[in-house]
Structures are given as C-alpha cells and as structure tokens.
Amino acid sequence: KNQVEQSPQSLIILEGKNCTLQCNYTVSPFSNLRWYKQDTGRGPVSLTIMTFSENTKSNGRYTATLDADTKQSSLHITASQLSDSASYICVVSGHGANNLFFGTGTRLTVIP
Amino acid sequence: GAVVSQHPSWVICKSGTSVKIECRSLDFQATTMFWYRQFPKQSLMLMATSNEGSKATYEQGVEKDKFLINHASLTLSTLTVTSAHPEDSSFYICSARDLGLAGPYNEQFFGPGTRLTVL
C-alpha cells in the first residue's frame, strides 16, 4: 500500500532554533518527493522537489534530504523564524499523471 | 509565474443551497486541474481530476452528482457543491498543471483554497 508518514505530528520550538522533520514513504514506483509549507487557511506552497537521483536540495533556510534506498526524507529548518509556523507536508509522487500521495503533515509552531 | 487563484476565499451558505468555487491559472494554461478537500488537521484528499474539455475523473467515494466539475477552458475550472450540507464544510483546494511547464517533476501549482461553511 502506498503511504506517506510524517513525524512528529506537531513540534514547538523557540525562535532561532533549528529543527528537522521526517518523512517515510512506501510509494512505489517512485518519481519524486516534495515538501510543502501550508499556512493556516492557505494552499500549500512548494519548498523543495527531489527526484530519485537527488539526495539534497536547499531553498534558503530549508534543506531537504532524500534517501531513496531507505525511502526516507527529512526537512531541516535552520534559524527558525516566527513566520515558519505552519504545517509542513511531505508529498510523494509515483509514476503516472495524478499519483500524488500526501503525508498528514507536521504542525510546527515557533515561539518567541 | 505559475500562479493559481481561487474564488471565493471563503463562503458561508445555508444547507440545501449550491455553491460554486472557481479555480484559475493566471499565467499559464492548465491542461489538468485537480480538486482537493482538506478537513481540519488532516491532509489533502484528492476529489477529482479534470482535463480541459473532457469529463472529470472522480476518486472513489466522491459523488460526481454532488460535486460538479467543469473545466471548460485552459485557465478555469469550477467546482459546484450541490445541495450542500454541514458535512460538506471543508477547505477546498485546487491545483493546476501545464504539461509544458511540468518539467521532470510533473509539478502542480496549488491555489490558496476556499473555506466552505454550510450552516
């Protein structure tokens, strides 16, 4: 069964600290993995996308890693800001036009 | 580039009425549009896929007669929730893809969502 699991479900960190979010998947065949940021009441915004051959990708303070062998990905946020408070969703794409599998997200709260 | 808009951003309606939600690709032609529903603290769930000029393909468990989808042009898709009931209250998000822009990542671009509340 194609599944995407994220951990932790929620996380509270102090402003300025780093954090790492995890994503494990069982989607096969695998096409690519994306991390999205979703603010409350807004649509998801893409942070990073990685294919099988890419094992790390950065977007500012966000760095995603991918281990296609163990089917794990992480999203590392450096020097967190209050505006980083949001849900972070891991989405794995299988082959085919519409094969997106969504994780349930990690709710990150950054406090001053 | 690759901006998707939705209108309205929120709507409140009475039970039994119909509500139309628009999804527009502002700077590209969306050959395919997707409609998702998201309940509180849950992830997005795909409802249906629509290709311009053809009938939408609905996911299992989604009533096509209740959620009418029209994708009449390359920049506009509409979702009509017919005879809405309180259990239809949710956050509806569309996404759009242009095969010409999708690239190796088969990228979809998400709209900002529409919050529907049915009283």
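Bear in mind that the values here come from a model prediction, so they are computed numbers and not experimental data.

Trainee: I tried to follow the interface of chain A and chain B on my own but got confused; where do I start?
Mentor: Size of an interface: often given as the accessible area lost when the parts come together. Taken together, the 22 residues of chain A in the interface contact 19 residues of chain B. Overall, the association of chain A and chain B removes approximately 1600 Å² of surface from exposure, summing both partners, and the carbon and sulfur fraction of that is 51%. Our count for the chain A to chain B interface comes out at 0 salt bridges. Between the two partners, chain A and chain B, sit 3 residue pairs in polar contact (both at pLDDT 80 or more). Sorting the residues of the side of chain A that touches chain B by element identifies strand S4 (30-38), strand S5 (45-51) and strand S10 (100-102) of chain A as the ones contributing at least two each. Partitioned by chemical class, the residues of the side of chain A that touches chain B number 8 nonpolar, 10 polar and 4 charged.

Trainee: Could you clarify how one ought to interpret the environment of B:Ser95 in this entry?
Mentor: Residues and elements named next belong to chain B. Relative to the helices and strands, Ser95 is located in strand S9 (residues 90-97). Given a relative accessible area of 0%, Ser95 falls into the buried group. C-alpha of Ser95 to C-alpha of Phe110: the two residues are 15 residues apart in sequence and 4.1 Å apart in space. Aside from chain neighbours lying at most four places away, what touches Ser95 is Thr32, Met33, Phe34, Tyr36, Gln108, Phe109 and Phe110. Side chain to side chain, Ser95 and Gln108 meet in a polar contact 2.6 Å long.

Trainee: It is not clear to me how the packing of aromatic side chains should be interpreted in this structure. Could you clarify?
Mentor: Aromatic ring pairs: the centre-centre distance and the angle between the two ring planes describe each pair. Within the structure shown, the criterion is met by 8 aromatic pairs over all chains. Look at A:Phe102 and B:Tyr36: their rings are 5.3 Å apart centre to centre, the planes differ by 70°, and that puts the pair in the edge-to-face class. Of this pair, A:Phe102 sits in strand S10 while B:Tyr36 sits in strand S4 (residues 32-38), each in a different chain. What makes A:Phe102 buried here is its relative accessible area of 16%. Judged by centre distance (6.4 Å) and plane angle (80°), the ring pair of A:Phe102 and B:Phe110 falls under edge-to-face. With one member in each of two chains, A:Phe102 in strand S10 and B:Phe110 in strand S10 (residues 109-110) form a pair that bridges those chains.

Trainee: When you look at the sheet that holds strand S6 (residues 56-59) of chain A in this model, what are you seeing that I'm missing?
Mentor: In a beta sheet, neighbouring strands pair by backbone hydrogen bonds and run either parallel or antiparallel. Residues and elements named next belong to chain A. Strand order in the open sheet formed by 5 strands is S1-S3-S8-S7-S6, with antiparallel pairing between adjacent strands. At either end of the open sheet lies a strand with only one pairing partner, and these are strand S1 (4-7) and S6. The sheet shows a mean angle of 15° between the axes of neighbouring strands, taken without regard to direction. Taken together, the 4 bridges between S1 and strand S3 (residues 19-25) define a ladder with antiparallel strand orientation. Each residue of the ladder has a partner; that of Val4, found in S3, is Tyr25.

Trainee: Help me understand the sheet that holds strand S8 (residues 76-81) of chain B, please; the structure alone is not making it clear to me.
Mentor: All names here are of chain B. In spatial order, the strands read S1-S3-S8-S7; together these 4 strands make up an open sheet with antiparallel pairing. Each edge of the open sheet is held by one strand with a lone partner, namely strand S1 (4-7) and strand S7 (67-73). Strand-to-strand, the axes of this sheet are offset by a mean angle of 15°, without reference to chain direction. With 4 bridges joining them, S1 and strand S3 (residues 19-25) adopt antiparallel strand pairing. Its bridge partner being in S3, Ser5 is matched across the sheet by Arg24.

Reading guide: rules and limits
- Residues numbered from 1 in each chain as written.
- Chains lettered and ligands numbered in written order.
- Predicted model: local features only at pLDDT ≥ 70, side-chain atom pairs only at ≥ 80, totals over all residues.
- Heavy atoms only, no water.
- Contact = heavy atoms within 4.5 Å.
- Buried area = accessible area lost by both parts, 1.4 Å probe.
- Salt bridge = Lys/Arg side-chain N within 4 Å of Asp/Glu carboxyl O.
- Polar contact = N/O pair within 3.5 Å; in protein donor to acceptor, adjacent residues only side chain to side chain.
- Helix = DSSP H or I, 4+ residues; strand = E, 2+ residues; numbered from the N terminus.
- Nonpolar A, V, L, I, M, F, W, Y, C, P; charged D, E, K, R; others polar.
- Buried < 20%, exposed > 50% of the residue type's maximum accessible area, 1.4 Å probe, protein only.
- Phe/Tyr/Trp six-rings, centres within 6.5 Å; stacked < 30°, edge-to-face > 60°.
- Pairing = 2+ DSSP bridges.
- Axes fitted to C-alpha atoms, helices over the stretch in contact; angles between N-to-C directions.

Treat this as a map of the structure, not an account of what it does.
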